[in-house]
Amino acid sequence: MAKVGRFVTDPNVGSYCQITLDSGEKIVVNHDKQRITVEQSRLFGFSSDQLFALDLDTPQGQTVLAALTHDARPGASDATPLGAMVNFVTTCRTAADVKSRCAGLLSAA
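Not measured: the values here are computed from a predicted model.

Trainee: Tell me about the overall build of the protein, and name the residues and values.
Mentor: Check the secondary structure of the protein and you find three helices and five strands. Mapped from its N terminus to its C terminus, the protein presents α and β elements in the order β-β-β-β-β-α-α-α. Taking 13 Å as the expected radius of gyration for a compact globule of 109 residues, we find that the protein reaches 13 Å, a close match to that expectation. In terms of overall dimensions, the protein has C-alpha extents of about 35 × 30 × 25 Å along its principal axes. For the protein, with 109 residues in total, the buried portion stands at 35%. Intrachain contacts of the protein at a sequence separation of at least 6 include 31% that bridge at least 24 residues.

Here's what the structure looks like:
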């Protein structure tokens, strides 16, 4: 099972959470005011590859967010965009799985 780090909030850039997948790969889920991104950390965290990006201000973004938070308790971390996305990717074993699962999320919207 993936190891989820703490949720960090920075008022200037938004919030993020680092996750270590079963494969040992590290990903970072970011949320700012209008976007959610998932990036794979590379080169000791100094660079990254974007695996997924979602603009929450678009109809597709609103549909995806509604699907992610559908079963969440109001007020729980899973009810937030960051918490919902972290919950969604923690079952993935590799970064390739994350990319594939997120692509399926977009195609279903």
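Trainee: Summarise the packing of helix H1 (residues 59–69) against helix H2 (residues 81–89); cite the residues concerned and give the values.
Mentor: Where H1 contacts H2, the two axes come as close as 9 Å, and the packing angle between them is 70°. Relative to H2, the element H1 lies roughly perpendicular. Crossing of H1 against H2: the hand is left-handed. In contact with Leu 65, Leu 68 and Thr 69 of H1, H2 contributes Pro 81, Ala 84, Met 85 and Phe 88.

Trainee: Provide a residue-level description of the sheet that holds strand E5 (residues 47–55), including the pertinent values.
Mentor: By definition, the strands of a sheet pair up through backbone hydrogen bonds, in either a parallel or an antiparallel sense. What the five strands build is an open sheet, ordered E1-E2-E3-E4-E5; its pairing is antiparallel. If you trace the sheet from one side to the other, it starts and ends with strand E1 (3–10) and E5, each paired once. Going from strand to strand, the sheet's axes swing by 20° on average, the running direction of each strand aside. The pairing of E1 with strand E2 (residues 14–20) spans six bridges and is classified as antiparallel. Residue pairing across strands places Val 8 opposite Tyr 16, the latter belonging to E2. Along the sheet, H2 contacts E1, E2, strand E3 (26–31), strand E4 (35–42) and E5; its crossing angle with E3, the most-contacted strand, is approximately 155°. Its contacts with the sheet put helix H3 (residues 95–108) on E3, E4 and E5, and the angle it makes with E5 is roughly 15°.

Conventions used here
Residues numbered from 1 in each chain as written. Predicted model: local features only at pLDDT ≥ 70, side-chain atom pairs only at ≥ 80, totals over all residues. Heavy atoms only, no water. Helix = DSSP H or I, 4+ residues; strand = E, 2+ residues; numbered from the N terminus. Rg over C-alpha atoms; globule rule 2.2 N^0.38 Å. Buried < 20%, exposed > 50% of the residue type's maximum accessible area, 1.4 Å probe, protein only. Contact = heavy atoms within 4.5 Å. Axes fitted to C-alpha atoms, helices over the stretch in contact; angles between N-to-C directions. Parallel < 35°, antiparallel > 145°, perpendicular 65-115°, else oblique. Left-handed = near helix turned anticlockwise from the far one by under 90°. Pairing = 2+ DSSP bridges.

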